[in-house]
Structures are given as C-alpha cells and as structure tokens.
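Notes for the structure review
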Amino acid sequence: MGQDRTRTVRSRILWPFLMIAILLMVVFAVLISRQIATAAPEQPIAFKHQVHAEAEVECLFCHPNALRSDIAGIPSVARCVGCHQTIANDSPNVKLVFDYWERNEPIPWQAVNNMPDFVFFSHQPHLGAGVTCETCHGNVGEMVVVKPIISMDMGWCLDCHLDQPQENVARLTDCLACHK
Amino acid sequence: MGKEISRRTFLKVAAGAATASGLIPQVRRIALEPFVRPPEEELPGRATWFASTCRQCPAGCGIIVRVINGRARKIEGNPNHPLNHGKLCARGQAGLQVLYNPDRLHNAVRQSGGRGSRIFSPIPWSEALDELTAALQSLRDPQALAVLAGQPSDHLYTILASFLEVVGAPPAVIFDLHTALDGRAECASLSSRWFGEHQLPIYDLAHAQVVFSFGANLLETWMSPVAQSVAYGQMRQSRLGGRGVFVQFEPRLSATGASADEWIPVPPGTEGIIALALGRIIVEENLGRAGKHSDHAHLYRNVSVADAAQACGLPVEELRRLAHLFAETDRPLAIPGGQLTGHTNSKQAMDAVMALNVIMRRLGRHGGVFTPQPVPAERFASPAPTSNLTEILDLVERMRSGDIEIFLIHGANPIYELPAWVGFKEALEEVPLVISFSPFVDETAVQADLILPDHTYLEGWGYQVVSPGADRPIISGQQPVTQPLHDTRSTADILLSLASRLGGAVARALPWEDEAGFLEESSAQLHDNSISTYDARTPAGFWSLWRQHGGWWSKRAIKREPEAVGMPKGAMAVPAAAFQGDKGTYPFHLMPYSSLTLSDGRGANQPWLQEAPDPMTTARWNTWIEINPESARSLAIKDNDMVRVTSAYGSLQAAVVVYPGIRPDTVAIPTGQGHSDYGRFATTRGANVMDLLTPSPAEQGNKFAFCATRVRIEKVGQVKPLARLEDLDGEGRESIR
C-alpha cells in the first residue's frame, strides 16, 4: 500500500514536468524548423548572385519570365552557357555548368522560396504593380549564397495587400485572390 | 546498475522517442530543373495545350493536353471536337498514367534468357532493325510473316497494310478483347448484310424519342460511350419532343440500365426473340404512324408471340405494352450490340433488332439509323476493319502447324485476352521469331524474343477515322504532346525504315522518311476541300491547322441514309441460344462484361483506374462475382465470401458481391484483372474471367460466344473483403464505408 502511495505521489510531481518538457520540445522544434526554412539550400553548383549583380546583370536578364508568367523561372542551361562561353570560362564552377551542357542534362537547382500548393501566386501582376524583386527576395545582389529572408506566410502577404490604395483593398484581400 | 526496466517504462520511452523524432523539422526541398535548350516561345509556368486523340479505347475522342515546361499535366476533352464535344471519360483522364507509368520499357530489349524467362537485355535500335531486316530478307515465303494488331491507329494500319501487301504477306489480323466484347465485328457485318457497307452504322440517339437498347452498354463501354452519353443527355432534354424514353434489355443491370426508364432483365440470349415478338405485334396490330406494315408482314410469318413470351419469361401483355411504347411515337430507335453479340444466336438476334428500325421506317430519318459518310479523300477511305474469331483461329492454326516464321504483335495482348482454349500461347511457341511492339511487358510480350517498344499515344503521331462516327465525317488527329520520355520508337517509323532497308518495290510503296511526313502528305489530300471546317492557302498551312484543331472534320453534319438492300427475304427466326455446360451441373449463366475502368485489361496497370469504383457495385482493385440475393441465400453466401466459379473448361476464385441488379439464374464477372505480367499495379490481383470461357458449341461454327458459358459456384470458406465504397447490407439500406 505504502509503495503504491509513493508511486502516485511521485507521478503527480512528474507529470507537470513531463508536460513542460514536451511543450519545450515542440517550441524548440518549431523554432528549429523556421531556422531551417530560412537557411540556404545546398545547390548543385555554388552559384554566386553577388558576382552577377556586381557585373550589373539585371535580375530580369536571367529570370525574364517574371514579367510574363506566374513563375520567374530558372535560366536554361543554354542561357548560362551563352555568356560563359566567353566570360569566366576557366572558373571551376562554370566548368561544372559546361559538364551539364555537354551531357544535355538540366541542372537540378534547389528552390529557395517555396509557396505552398494552395497558394496561386503569380509574379506577373506583382511586377506590373511596381513591386521590386528586393521587396520579397531581399537584396539578392549582396548575397553570395542566396537564401530566403522572409518566411512568406499569409500575414506577411496581407500586410502589403492591406497597405494598398483603398479602392483595391477589397479585391486584394479576397480569399479567392490567392486561394482558387 | 541493477535497476530493471519494466515493460511499461520501455514502451513509454519508445513512444516518447518516436514522438520526438516526429518533431524533427522537415523542410520540403524542391529541385527546379530548367530546360537545357528551351523551346522557342516556351514560357515556364504557362500552360500550352496540344490537341490530340485519346487511344485508351477505339472510340477516337478528341483530347487537349495541358503541358507545362514540356511535361504533360492534364488531359481534357477537346471542346471543338464534334464527337465528344469537350467531354472525356475516366479512362481518358487516366491516360497520363500510361505516359508516366513506372513499368514502361525504356529501350528495345532482347529476352536473353529465352522466352518466358523475363530476363531482358537492352539492345541498340540499329541492331534490332538489322535483325528484323535480315529475318525478313531470309523469309522463304512471304506468307510466313504474320501480324496481329489490336485496333491500331489508322495511320499505322494504312502503313502496315501497304507494307504487308507489297511484301506479299497476308493482311494483318485485327483483334482485341475490348472490341470483341462490344461486338464490333458483328455490328459491322450486320451493316454489310443489311446495307451492303462494311462500316459501323450510326444510331442517332440524340434525336430519338423512344430508345430500346438490346444489350448495348452504351453509356459505359460500348463503341463510343462519351459521344453516346452526350447524345443520351440531349435525348433526355429534347427541346421539342420532351423527355425521351429509354428501355434497356439485359440480364445484368449496368450503369446504362440504371440510367434507363425501364430495365427488362431478359434471360440471356433471348433479346432477339423479344425483338422478333415486338415486331410481330407491331405488324399484326398495325401500330405506329409510319404507314401500313403489310410489306413487312412476311418477316414475321413464323413468329409466335406466345412462344416468345414463354422463352423470355415475360407475359404477352407486357410484350404488347412494350410494342405499343416503341411504335406509338414518331421517332423510335432500336440498338443491338454488346453482350447480345456474345450469344450463339447473335446474327439472327441482331437482324431481328435491326428489323424493328426498318418496319418503323427509321432508316435515314431524324433520330434513326444512318451509315457513315466517308471522308472525301482516298487515304482515309478504308479505316481498320475488325477480324472475327475465324480469322484468329486460322492464324493460330497456321502458327501451330509451323507455317509462320515471323510473328509481329502490336497493341493487343492475345495470351491474356483470348480464352485458353484458343491455344494462342502454345501456337506462339512454334513460331521461330516473335516480336512485340508493346511499351509494357504484358503476357504476350513475355513470350516474345524481342520487344521494340512503341511510344505511348501522348508521345506519338497518328490519326483515326472515327468509327462509329458522329453526325459527320471526322478524322481525329494525334500528335506528340511531349518528347518521348524513353528511348522508344514508333512502330510506323520502324516499318518505314524496314521498307527503306528492304529497298526495291517495298521502298517505292512506302517512300516516306517518317510517319510525320506520311501524315503531312495525307492531310494534304483534304486541302482545299469544300466541306472542311477550316482551310489554308497552302498545304503546309493546312497541316498546321490540322494539328491546332486536333484533326479534320466537316463543317456541317452530313448524314447518309442507308438502303436496306440486304433485308431478309423470307420469314425471320431467332433460334434459342445454345450454352456450354449441363444445366444441372452448371446452374448459372456466366456473363463476362467489359470493365468500365480497366476495359479488357489494358487499364489494369493504371492505379487511377484500379482505384475508380465500378458504378454499380463500387468495388475496385480486384475481381468480383455478382450474384442475385436470392441465389446467394440458397447457396448460403454473403458479400466478400470467396467462391470457386467452375465452368466445363476452367475455374477461378473471386469474392462475392451480392447484387440485386442481376437475374437469379445469371452471374457476372468484369474483365480486366488476373494479370500474370503487365506491371506492378496489374499483377497478383484478382482473376481473369476469360479462363472460364468454353469453346462455342461445334454446330455454331467459330463464333466468339462469350456469353454462352454456364458455371457452378462453390463456397471455399474464405472471406476476402473487397475494397468497396458502399454496399447493400441485405436489408435494403446502403451503408457508406
């Protein structure tokens, strides 16, 4: 009997601790996953945005579809090779690009910013409204390795959509504007 | 040390660790693979739609395929296509799983371990073509080359037919189970008997007021189900004539029967007898508004309505009511086909049904029967015919006796599709060189020496003259919507390169460099045609419009009135259907029916189709047998009980679906499962109903009487729950699972 009683008392003390431990683990996991979500993914080739920006290459030179399509697009291997036939063609990273080109294989770039599947995001209207690339992607031109600087959640989208001329707010905050 | 861990503590720690490991953050990483060389005008993220043709069944519906970044993403019906008007069935939607199927062959292979070994080694295409050319050159007699094809695209058929003709080989045998269960060959021969044209007749379902369908499952699988479903909708919502009436005569309630106003569960094989009795009543009582019937009285001279009533188990009064329903309207229509053609008396039964249209003067009338208007160009004038069982048995006999040295097979899987008694597999063993063009390793390809995989239909070229057509001549055009995913090669291109290697007359008869060149030249035959729905200044522009539209069709409806030149002269009679198996030993009629999703088994390797429930039983992923609740009670079997089904020829096991929509003397099993090969989704699943079929009764000749088998059913004592969405629990209540 006495032993049972001790056990009950002990578990009464243990339970709150256990709950707190689990809670801490969850919080920790959420924080870590945010950290990982905003980390730079490992790319097949160590591409340097900074070098390209310093050479005054416009964003839209390599990502021209942002003007015309939903997605900005990753430049084709042909576009990389087009310039690098004459520029920096002795760099080891550029040689890797040529390896892909000669094998006729696409370069498996890792996406840096991911929108969930239930968001129908399109670059075209944002560029049309005068939003600059840096607004969402940060100053990529100063990053050696590009990484997401904004987690792009719905609150962040709405902050901007609410901060528009009054006549547009109703349209821009409609659910169906992004969730079709 | 010394502190023991109790079982409970261990479980707590284990559960905690599992939970904690679940909390390890996971971030979705996506690889974005750009084009190496982007196609001009390609805009990533924006869809391009290509118009093409569905090849999941021989109907030839027009499709448009959504392509993003060079990858096919979604198939829809082509809204401008005059056959399917933008609609598409489940099988058509699942076509992407043919293209992206993980069990596709990636290159040409030789079965290096011998036939049936399933040990394949890749071979270069040049080697495969060299071998095929050498084999053709060393052929003693061109008659020793045989080809079997399953409803090929018409461009392949045309190239194949000229190739065989100029080489001196016999014409290709065209057979697949799907069209056999439709009764396609029977329907074409009905048309040639009555109208002198070996083309499938067109039934104007959309404008009929009363439709009697004798066995034709026209909303699920028969002939052109999408076009027929569109027409059915129009018939039901007719603006002028009100809602059309639809009566379905069949022993098992199909989704078509369920959509009808009346389902008449006739005893198997008596459909023709009923049609004859209805005709007799109409003529005798001079029913209808189509004038006197005295011209046709002789057809029904020997028909006794009382005898017919007894044979089909319907009271004479009921037959009279049906005859009045059919005749006392302006636009009745009778359609024969489907499982009616699987009986030994199908020829006479089809005659009896067609006679109803003739006595009501429905030939060439609005809502009646038409013959197709041919496409006004020589290249498209003779679409692929369908062979009957006699031609197949003849082929098997020639193979067995060693007359065939090279056997080529494309688009059919006869070892799986034909009943075992045909002996196709054994006959194939006698052929020294067997070459399959299947993109998949199916049961027949496993018995081949070489497999030279064709493209799937979303990667290849082609065209199909739509038959049975809609209200106008139509050619459905097929074009690649994506680059070939693997190192496959079009069979038509293989034939063209063989021709150029063989040289001489063969090369002259088939001068095209590739199939796209052949198609472009063919399309030019319709350039500047007055009935064309579009036209261009140059043939090249016309070819470009052809690809944009997804084929060619007439701008307005052209219907042609058939002439009943071959109408029976004397009295008609429909003999009782003969069945194999003694009624005492084998008490049930077996009705194999074409699966809505898997068709004749070709859909079994597509998981979307395996997952799609049968509309009547909601069963999927397996083979089942449908039994009437009354019969199930007498055998003491319930839903999901495994039973052994035995015919005089073979046996199989299947799970039971107790189904009120079937006659107590009939059981039904869908086709499509029970594959031993054909990829991971198709194999080790269910049983093949064709294993039960018995040869036709000797006196009936070589008729493919797929409904003439009797079976018995025994409980095996196992229960295997079927994956069903819902079932009838026997109390008449539906329970959702």
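Residues numbered from 1 in each chain as written. Chains lettered and ligands numbered in written order. Predicted model: local features only at pLDDT ≥ 70, side-chain atom pairs only at ≥ 80, totals over all residues.

With that out of the way, let us pick up the overall build of chain B. When helices and strands are counted, chain B shows 22 helices and 30 strands. Viewed in the frame of its principal axes, chain B has a C-alpha envelope of about 90 × 85 × 55 Å. Going through the 737 residues of chain B one by one, you find that 53% of them count as buried. Residue pairs in contact within chain B that sit at least 24 positions apart in sequence constitute 72% of those at least 6 positions apart. (Helix = DSSP H or I, 4+ residues; strand = E, 2+ residues; numbered from the N terminus. Buried ≥ 20, exposed ≤ 12 C-beta atoms within 10 Å, placed from the backbone. Contact = placed C-beta atoms within 7 Å.)

All names here are of chain A. At their nearest, the axes of helix α4 (residues 77-84) and helix α5 (residues 92-103) sit 10 Å apart, and the two run at 130° to each other. Relative to α5, the element α4 lies oblique. As for how α4 packs across α5, the hand of that crossing is left-handed. Contacts from V77, C80, V81 and H84 in α4 reach V94, V97, F98, Y100 and W101 in α5. In terms of residue class, the contact of α4 with α5 is made up of 8 nonpolar, 1 polar and no charged. (Axes fitted to C-alpha atoms, helices over the stretch in contact; angles between N-to-C directions. Parallel < 35°, antiparallel > 145°, perpendicular 65-115°, else oblique. Left-handed = near helix turned anticlockwise from the far one by under 90°. Nonpolar A, V, L, I, M, F, W, Y, C, P; charged D, E, K, R; others polar.)

Once that is clear, we can look at the domain arrangement of chain B. Residues and elements named next belong to chain B. What the domain assignment reports for chain B is domain 1 (48-99), domain 2 (109-175 + 387-454 + 489-512), domain 3 (180-370) and domain 4 (588-736). The C-alpha centroid of domain 4 is placed 30 Å from the C-alpha centroid of domain 1. Each partner contributes to the interface: domain 1 provides 6 residues, whereas domain 4 provides 8 residues. Among the secondary structure elements, those contributing two or more residues to the side of domain 1 that touches domain 4 are α2 (90-93) and α3 (96-99). Of the residues that constitute the side of domain 1 that touches domain 4, the class distribution is 4 nonpolar, 1 polar and 1 charged. (Domains from an automatic or database assignment.)

Residues and elements named next belong to chain B. Here M399 shows up in helix α14 (residues 389-400). Once the C-alpha coordinates of M399 and Q525 are considered, the two residues, 126 residues apart in sequence, prove to be 39 Å apart. What M399 contacts, discounting residues up to four positions off in sequence, is I404, F407, A427, L428, E430 and V431.

Attention now moves to the interface of chain A and chain B. With 29 residues of chain A in contact, the opposing surface of chain B contributes 20 residues. If you list the elements that add at least two residues to the side of chain A that touches chain B, you get α1 (2-37), α4 and β1 (109-110) of chain A. At 7 residues, the largest contribution of residues to the side of chain A that touches chain B is made by α1(A). Taken together, the residues that form the side of chain A that touches chain B break down as 18 nonpolar, 8 polar and 3 charged. With 2 bridges joining them, β1(A) and strand β1 (residues 31-32) of chain B adopt antiparallel strand pairing. (Pairing = 2+ DSSP bridges.)

This part covers the sheet that holds strand β8 (residues 173-174) of chain B. Residues and elements named next belong to chain B. The strand order across the open sheet built from 7 strands is β6-β5-β17-β16-β15-β7-β8, with neighbouring strands paired in mixed fashion. Strands with a single pairing partner mark the edges of an open sheet, and in this sheet they are β6 (120-122) and β8. Alignment of strand β5 (residues 109-111) against strand β17 (residues 450-451), held across 2 bridges, turns out to be antiparallel. Note on β17: the bridge partner recorded for V109 is I451.

This next bit is on the sheet that holds strand β20 (residues 551-553) of chain B. Residues and elements named next belong to chain B. In space, the 3 strands of this open sheet follow the order β18-β19-β20, with antiparallel pairing throughout. Every interior strand has two partners, whereas the edge strands, β18 (462-465) and β20, have only one. The average undirected angle you get between the axes of adjacent strands in this sheet is 15°. Bridge count between β18 and strand β19 (residues 474-478): 4 bridges; the pairing is antiparallel.

Along its 15 residues, helix α10 (residues 271-285) of chain B runs 21 Å from first to last C-alpha, staying within 8% of the 21 Å computed at 1.5 Å per residue. Downstream of α10(B) by one or two residues, N286(B) has phi in the positive range, about 50°. (Expected span 1.5 Å × (residues − 1).)

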